Every structure is written in structure tokens, then in C-alpha cells.
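# Breakdown of the fold
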Amino acid sequence: MKVNVSLYNSETSDLAIMVDLLRASTTITIALNNFNRVIPVNTIESAFELKEKYHAILAGEKKIIKIDGFDVSNSPYEIQDYTDDTLILKSTNGTKVLENLGKNEKTKILIGSAINAKAVAQTALNMADEEIDIIMAGRHGKFTIEDCLGAGIIINEMIKLAIEEDIDLELTEFAQVAKIISSDYLIAKDLINSSNSADILRDLDYIEDIKICTLVNELDTVPIYRNNEITKLEN
């Protein structure tokens, strides 16, 4: 099984895992405890249209700031206080990556983060045929260390599972780098906490979001993106 790490988009027609550690991936994973589905959008106009259509909760941010008229920001901590059938989510990076990945109808698309790393790693190994591509959302198409660390945390869980299940993994050089820098959880957590994205979140008083986004294997929820919406993959 080939395991690769890409930035912002993917060429795979097999299985992709979108990672936007701070914060969309974590928000989505937590939200699916209280919502039946999450619909990602990339314009404010479409968000309000879908809110009317589905009587949904709106979550979203533009450059980390909560959007006027939305119920809540793209916050994994705050989203725990909301429950409904449908959540409409707009983020600066993660929802755009999902839109990109969804253009290839053959690709199976999961959402991964530190908080569901083992669960999404196991599901990926079960669902992929030949290749798993972990997509770092980054920021405006550029590399962010926290998404690389998130990818690496998932890869390290994947390696442990592959050993148990006698699955041969072939890690590309990008995947090897992600694996190495996240192999020590305490160091990885420190790197996430000292990232530029975390600094911005702290300045805006989203400290609880950072804490939640650095939790590892706290949830078994595996979000899957298909038909323009995200639902919890059932066993």
C-alpha cells in the first residue's frame, strides 16, 4: 500500500484523507457527534441559501474571524454546544480542499485529524485499494507545519496497524518526513502549539480550540465526504 502526503490537492483516484488540523478537520469530526451531516461550502452566499433550505446551523470563519450572521465560528470547542440535523461549514482552507478533491468522482475522501487518527488510519487501510494520499490543507495553498504533523500522526497509527495486520506499506519521501517529525507526540504537540496558526488562534482567544486539536485518538468518528456532504462512516 502506497502512502503519500500532498498539499492542497491530490492526483489519486483511490483514497484521500483531508487534514486541516487547526481547525476544520477537528470541527467536522466533533460536529458529527451532534449533527447527522455537515455540508461544506466556500461562499457566504451559498451558506445562507442552504441555511434557509435546511433550517441549518451555520459555522464558519474568514481568515479565522467568525462571519457576521453565522451562529458559530469554525470552532471544535464551541460546536459542542450545538445540535441539529445539518451543519453548514465554511472554512478558509479545509472546505476548499474538499471541493478540489470532490472533482474526481472516483476518489474516496475521508477527513482526518489527531483526534481520530487511529480510526481514520484503520478505515483508510480497509477502504484503499493501492494508495492512500493524505492531503494537508495548508493555508491559502501554502505549507503549514500543523497539517504536516496531523498527517504524520495518522501515518504513525497506520504503521502500527499495518504491522499488526501484516500489510506492507510504501511511504513516499513526503510521508516519511511527516512520520518522523510527529513520531514523538510531546514534541509534535509543542510544534503545533508554537505554530503560526496556533499563535493567531491564541490572539483571538481560541485557546480551547488548540487544546482540542492536539488531542490524539479521543474519537472513533470517521467522517466521509461524498455527494457534497460529510457524514459519519458507519461500521
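Look above for the structure.
Please read all numbers here as calculations on a predicted model, not as lab measurements.

### Describing the nonpolar core
Membership of the largest hydrophobic core comes to 41 residues, with the highest contact counts inside it found for Ile17, Ile132, Ile134, Ile154, Ile155 and Met158. Looking at this core element by element, the count peaks at nine residues for helix H5 (residues 145-165). Apart from residues lying up to four places away in sequence, Ile155 is in contact with Val3, Val5, Ile134, Leu171, Ala175, Ala178 and Lys179.

### Some thoughts on the pairing of strand S7 (residues 108-112)
Here S7 lies mainly inside the structure; four of its five residues are buried. Both strand S2 (residues 15-19) and S7 contribute to a ladder of five bridges, which runs parallel. Within S7, the residue paired with Ile17 across the bridge is Leu110. Sheet topology places S7 next to strand S10 (residues 223-226); two bridges connect them, and they run antiparallel. Across the sheet, the residue bridging to Leu110 is Ile224, located in S10.

### Some thoughts on helix H8 (residues 196-203)
When H8 is considered as a whole, its buried residues turn out to be Ser197, Ala198 and Leu201. For H8, the angular spread of the buried residues around the axis is 95°, confining them to a single face. Of the surrounding elements, those touching the buried residues of H8 are H5, helix H7 (185-193) and helix H9 (207-213). One or two positions beyond H8, positive phi appears at Asp205, with a value near 65°.

### Re helix H3 (residues 94-101)
Of all the eight residues making up H3, six are buried; the element is thus mostly covered by neighbouring parts of the structure. Every buried residue belonging to H3 is among Gly94, Thr95, Val97, Leu98, Asn100 and Leu101, and all of these are buried.

### Quick word on the environment of Lys179
By the element assignment, Lys179 lies in helix H6 (residues 173-181). Each C-alpha atom of the pair Lys179 and Ile111 lies 18 Å from the other, and the pair is 68 residues apart in sequence.

### A closer look at the pairing of strand S4 (residues 57-62)
Counted residue by residue, S4 has five buried out of six residues, so it is predominantly covered. Connecting the antiparallel pair S4 and strand S5 (residues 65-66) is a turn made up of two residues, with Lys63 showing a positive phi of about 55°.

### Concerning the layout of surface pockets
Reported here for the largest pocket is a volume of approximately 280 Å³. Residue lining of the largest pocket: 16 residues in total, with Glu99, Gly102, Tyr225, Asn227 and Asn228 positioned closest to the centre. If you list the elements that add at least two residues to the lining of the largest pocket, you get strand S3 (35-41), H3 and S10. Ranked by the residues each element gives to the lining of the largest pocket, the list is headed by S3, at three residues.

### Observations regarding the side chain of Ser6
The topology assignment puts Ser6 in strand S1 (residues 2-7). Here the side chain of Ser6 touches Asn4 through a polar contact of 3.1 Å, side chain to side chain. Other than its neighbours up to four places away in sequence, Ser6 contacts Asp133, Ile134, Ile135 and Met136.

Quick notes on the rules
- Residues numbered from 1 in each chain as written.
- Predicted model: local features only at pLDDT ≥ 70, side-chain atom pairs only at ≥ 80, totals over all residues.
- Heavy atoms only, no water.
- Core = buried A, V, L, I, M, F, W, Y, C linked by side-chain atoms within 4.5 Å.
- Buried < 20%, exposed > 50% of the residue type's maximum accessible area, 1.4 Å probe, protein only.
- Helix = DSSP H or I, 4+ residues; strand = E, 2+ residues; numbered from the N terminus.
- Contact = heavy atoms within 4.5 Å.
- Pairing = 2+ DSSP bridges.
- Arc of directions from axis to C-beta.
- 1 Å grid on protein atoms, 1.4 Å probe; cavity = no way out; pocket = protein on both sides within 12 Å on 5 of 7 lines; lining within 4 Å.
- Points joined across faces, edges and corners; volume = space filled by probe spheres on them.
- Polar contact = N/O pair within 3.5 Å; in protein donor to acceptor, adjacent residues only side chain to side chain.

Read these as layout, nothing more, since geometry by itself doesn't imply function.
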